[in-house]
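Here is what each chain is made of, one letter per residue.
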Amino acid sequence: VEVEFGIWKTSRDVPKAYNVTLPGGAPLTLEALEHRQGVGPQMYRGEVNLWNWQSGWGFIKPEPTVPLPLAVQAKLTKQTQDAKKRAEER
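Basis of the calculations
Residues numbered from 1 in each chain as written. Predicted model: local features only at pLDDT ≥ 70, side-chain atom pairs only at ≥ 80, totals over all residues. Heavy atoms only, no water. Helix = DSSP H or I, 4+ residues; strand = E, 2+ residues; numbered from the N terminus. Buried < 20%, exposed > 50% of the residue type's maximum accessible area, 1.4 Å probe, protein only. Contact = heavy atoms within 4.5 Å. Phe/Tyr/Trp six-rings, centres within 6.5 Å; stacked < 30°, edge-to-face > 60°. Pairing = 2+ DSSP bridges.

If you tally the helices and strands in the protein chain, you get two helices and four strands. Helices and strands appear in the protein chain in the N-to-C order β-β-α-β-β-α. Over its C-alpha atoms, taken along the principal directions, the protein chain stretches across nearly 60 × 40 × 25 Å. Counting across all 90 residues of the protein chain, residues that qualify as buried make up 4%. Partitioning the intrachain contacts of the protein chain with sequence separation of at least 6 by distance along the chain shows that 10% fall at a separation of at least 24.

Okay, here's the thing in structure tokens:
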């Protein structure tokens, strides 16, 4: 990951970084590192289907009453098809 930062030295002459950002000064956030893109201000509800507490991630099954955006539905469909294809190849 390319970053921009400043350098200062401690009283023991040890270099340290400060103001670490992405190129252009963009904040170094998890969303930016994972290349996440927002799809609007709409909030969605769902149920945690699987939670990996050791790694801090999980899967959420969305409520069917409010459909997800078409781009999200297409991406989920493609991921499911790719996973099935990989499983068949094993």
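Another aspect to go through is unusual backbone geometry. Within the chain, Asn-19 stands out as a residue other than glycine whose phi angle is a positive 50°. Its place among the elements puts Asn-19 in strand β2 (residues 15-21). The residue His-35 is not glycine, and still its phi comes out positive at about 55°. Among the structural elements, His-35 can be located in the loop between α1 (30-33) and β3 (46-52).

The next subject is the packing of aromatic side chains. Under the definition given, this model contains one aromatic pair. Centre to centre, the rings of Trp-57 and Phe-59 are 5.3 Å apart; their planes meet at 80°, and the pair counts as edge-to-face. Residue class for Trp-57 comes out partly exposed when judged on its relative accessible area of 38%. The partly exposed category is assigned to Phe-59, whose relative accessible area is 47%.

Note on placement: Gln-54 falls in the loop between β3 and β4 (57-62). On the basis of relative accessible area, Gln-54 is assigned to the exposed category, the value being 62%.

With that settled, consider the environment of Arg-45. Following the sequence through the fold, Arg-45 ends up in the loop between α1 and β3. Given the relative accessible area of 66%, Arg-45 is considered exposed. Separated by 21 residues in the primary sequence, Arg-45 and Val-66 place their C-alpha atoms 8.2 Å from one another. Apart from residues no more than four positions distant in its own chain, Arg-45 is found in contact with Pro-62 and Glu-63.

Turning next to the pairing of β2. Residues in a regular strand project their side chains so that they alternate between the two faces of the sheet. As judged from the five bridges shared by strand β1 (residues 4-9) and β2, these two strands associate in the antiparallel manner. Among the inter-strand pairings, Gly-6 is bridged to a residue of β2, identified as Tyr-18. Count of turn residues in the β1/β2 antiparallel hairpin: five residues, of which Asp-13 carries a positive phi of about 65°.

Secondary-structure assignment places Thr-21 in strand β2. Other than its neighbours up to four places away in sequence, Thr-21 contacts Val-3, Glu-4 and Ala-26.

Another aspect to go through is the pairing of β3. Sheet topology places β3 next to β4; six bridges connect them, and they run antiparallel. When the sheet's bridge partners are listed, Trp-51 is paired in β4 with Gly-58.

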